[in-house]
Amino acid sequence: MSAYFRITLHRSAIGLPKRTNGVLMGLGLRKRNQVVFHPVEPQFAGMIMKVKELVRVEAVDRALTKAELRAERRPDPGFYVERPRAEAQSGLALAMATARASGEAVAEVEEVRL
């Protein structure tokens, strides 16, 4: 069974020497929070040590695919993203306007939306 390093670029390399940027390019890291997988080998361990202040490293048993990484970032299906308060209020006003237009009682719509 082969092990892998999961390497995430945590800090930006802006303003650092070209040599440091070259090490990051060698690891395949360009953007912050980008994740790459490399096998546990001495050359990769040495490159990680050169940029240890900039990256986060975990040992994993297999490399994840892009789809698996994307699924990892996706929130749980039981949760939803809330809208900012201003948008929620405008949504309430829209619900009240449609209720008035259809002849429903506005009080019922307010109870449901709040």
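Bear in mind that the values here come from a model prediction, so they are computed numbers and not experimental data.

Trainee: Is there a simple way to explain the confidence of the model for the protein in this structure?
Mentor: Fine structural detail should not be taken from predicted coordinates in areas where pLDDT scores are low. Within the protein, residue pLDDT values average 83, and 68% of them lie at 70 or more. Considering only residues more than four positions removed or in separate chains, one finds that residues 108-114, a stretch of pLDDT under 50, has 11 contacts.

Trainee: How do you make sense of unusual backbone geometry when you look at a structure like this?
Mentor: The backbone of N33 sits at a positive phi, close to 65°, despite the residue not being glycine. Structurally, N33 is set in the loop between α1 (18-27) and β2 (35-39). Since its relative accessible area comes to 54%, N33 is described here as exposed.

Trainee: What's the story with α1 in this structure? I'm lost.
Mentor: Helical geometry note: an α-helix holds 3.6 residues per turn, so side chains three or four residues apart project in the same direction. Those residues of α1 that fall on the buried side of the exposure criterion are T20, V23, L24 and L27. Around the axis of α1, the buried residues are gathered within 95° of arc, so they sit on the same side. Residues of α1 that are exposed and point more than 90 degrees away from the buried face comprise K18, R19 and M25. On its buried side, α1 packs onto β1 (4-9), β2, α2 (42-50) and β3 (55-60).

Thresholds, definitions, all that
Residues numbered from 1 in each chain as written. Predicted model: local features only at pLDDT ≥ 70, side-chain atom pairs only at ≥ 80, totals over all residues. Heavy atoms only, no water. pLDDT = per-residue confidence, 0-100. Contact = heavy atoms within 4.5 Å. Helix = DSSP H or I, 4+ residues; strand = E, 2+ residues; numbered from the N terminus. Buried < 20%, exposed > 50% of the residue type's maximum accessible area, 1.4 Å probe, protein only. Arc of directions from axis to C-beta.

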